[in-house]
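Commentary on secondary and tertiary structure
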Amino acid sequence: MNDSADRRILREEVDDFGTQLETWRLRMESALSARLPEADVVPARLHEAMRYSVLGGGKRIRPALVFATARAVGLSEDDVEGAACAIELVHVYSLVHDDLPAMDNDDLRRGRPTCHKAYDEATALLVGDALQPLAFQLLARDPKLPASPAIRLMPKVMLAQASGTLGMAGGQAIDLAVQGLRLDIGQVEDMHARKTGAVIRASVLMAAECAPPLDPNLYGALSRFANAVGLAFQIQDDLLDVTGDASMLGKATGADSERAKPTHPAVIGISASQQRVRLLHSQAVHALAPFGERAQALRSLAHWLLSRQY
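Residues numbered from 1 in each chain as written. Predicted model: local features only at pLDDT ≥ 70, side-chain atom pairs only at ≥ 80, totals over all residues. Heavy atoms only, no water.

Topic: the overall build of the protein
Helix and strand counts for the protein come out as 15 helices and two strands. With 310 residues in all, the protein has 51% of them scored as buried. Long-range contacts, defined as pairs at least 24 residues apart, comprise 72% of the intrachain contacts of the protein with a sequence gap of at least 6. (Helix = DSSP H or I, 4+ residues; strand = E, 2+ residues; numbered from the N terminus. Buried < 20%, exposed > 50% of the residue type's maximum accessible area, 1.4 Å probe, protein only. Contact = heavy atoms within 4.5 Å.)

Here it is, written out as structure tokens:
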């Protein structure tokens, strides 16, 4: 991707893949709506707030990773739709709690008032509390997932690990604890591997677990891809907080700097952060070589993540 021709070809591929992403996004809106409690069912205010938070837009990147991985391992989107919904519910629960005054204290999410602003703090807490068990209920009982108990077990274990103290919750705890402190880049990347990378890794590997057992080399390739993409995604988010357009992002920019968060741009600068994203992108694409054309959707998704502006 060093010359103009390569960049043009990549841009065209990204533009073409945007249509596929939109198709998956629309599928997820329908799938999530069907699996959420209706807003008029008691307790109605909680159910309304759950639907407000889950169905309030978003890129649905984690479900897209589930669907793209399914293609690479020979599954259909139907085979993994329940897993895609489960991981998106956990992601949304984390956003609702992250936005609370006790955490990041954000007023906007996806261009709308955050859940605790649209409702209240207690309701926002309960929204997160309700979305997390619903995710695991789907992995246990969703009729579209493989019926085999053995196949259903590992996605549940993976999602639990990815969202617990060794993953998302642990990464968030570290993020809160180190605000205003100086970290080296290794410490920053360890934090992000937990806070963001763990759930992205789970998005890829949960889909793989829905298939018959993979060759260990192929499973390892997906793991390397997921690790690289997860970190690149977080660095790109940090860069957008510095260089992005708030109207496109749907939330205020500059929040990381205001809270003195040790992000990649803060620790190594914008240029070095952009270079790190490009290196991780190259590693991710290279990892998919054993899959050949079956992994084209994953490659295109990696390209899109590299070039996104929101």
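That covers the picture; the talk isn't over yet.
Things to note about helix α15 (residues 296–307)
When the terminal C-alpha atoms of α15 are compared, their 17 Å separation across 12 residues agrees well with the 16 Å that a helix rising 1.5 Å per residue should span. Burial analysis of α15 places 10 of its 12 residues in the buried class, the great majority of the element. By the burial criterion, the buried members of α15 are A297, L298, R299, S300, L301, A302, H303, W304, L305 and L306. (Expected span 1.5 Å × (residues − 1).)

Notes on the side chain of R299
By the element assignment, R299 lies in helix α15. Looking at R299, its side chain comes within polar contact range of the main-chain oxygen of L288, at 3.4 Å. (Polar contact = N/O pair within 3.5 Å; in protein donor to acceptor, adjacent residues only side chain to side chain.)

Some remarks on the nonpolar core
L89, L131, L222 and F225 are the most contacted members of the largest nonpolar core, which totals 85 residues. Here this core gets 12 residues from one element, more than from any other, and that element is helix α10 (residues 216–243). (Core = buried A, V, L, I, M, F, W, Y, C linked by side-chain atoms within 4.5 Å.)

Some thoughts on the packing of aromatic side chains
Here the structure, examined in full by the defined rule, presents three aromatic pairs. Pairing F17 with W24 gives two aromatic rings, centres 6.0 Å apart and planes at 80°, and the pair type is edge-to-face. When the centroid spacing of 5.8 Å and the interplanar angle of 40° are considered together, the rings of W24 and F67 count as tilted. Pair noted here: W24 is in helix α1 (residues 4–35) and F67 is in helix α3 (residues 61–72), with a separation of 43 residues, a long-range link. With relative accessibility at 3%, the residue W24 sits in the buried group. Residue classification places F67 among the buried positions, given a relative accessible area of 0%. An aromatic cluster of three or more residues is present, and its members are F17, W24 and F67. (Phe/Tyr/Trp six-rings, centres within 6.5 Å; stacked < 30°, edge-to-face > 60°.)

Observations concerning the environment of R110
With respect to the helices and strands, R110 occurs in the loop between β1 (108–109) and β2 (112–113). Between the alpha carbons of R110 and S53 there is a distance of 9.7 Å; along the sequence they are 57 residues apart. Here G57 takes part through its backbone oxygen, which lies 3.0 Å from a polar atom of the side chain of R110.

Some thoughts on unusual backbone geometry
Across residues other than glycine, the phi torsion is negative in most instances, and most of the peptide bonds are trans. Following V42, the chain continues to P43 via a peptide bond in cis, the omega torsion being 0°. Locating P43 in the fold gives a position in the loop between α1 and α2 (44–54). A positive phi angle, near 55°, is found at N105, a position not held by glycine. N105 gets classed as partly exposed once you look at its relative accessible area, which sits at 43%. For R110, which is not a glycine, the phi torsion comes out positive at approximately 55°.

Describing the pattern of salt bridges
This structure, assessed with the given rule, holds 21 salt bridges. For the salt bridge of R25 with E29, the shortest nitrogen-to-oxygen distance reads 4.0 Å. In this pair, R25 and E29 both sit in helix α1, four residues apart, roughly one turn of the helix. Residue classification places E29 among the buried positions, given a relative accessible area of 15%. The closest approach of N and O atoms between D104 and K261, which form a salt bridge, is 3.6 Å. Placement of the pair is D104 in the loop between α4 (77–98) and β1 and K261 in the loop between α12 (255–258) and α13 (264–268), with a sequence separation of 157 residues. Judged by its relative accessible area of 9%, D104 is buried. (Salt bridge = Lys/Arg side-chain N within 4 Å of Asp/Glu carboxyl O.)

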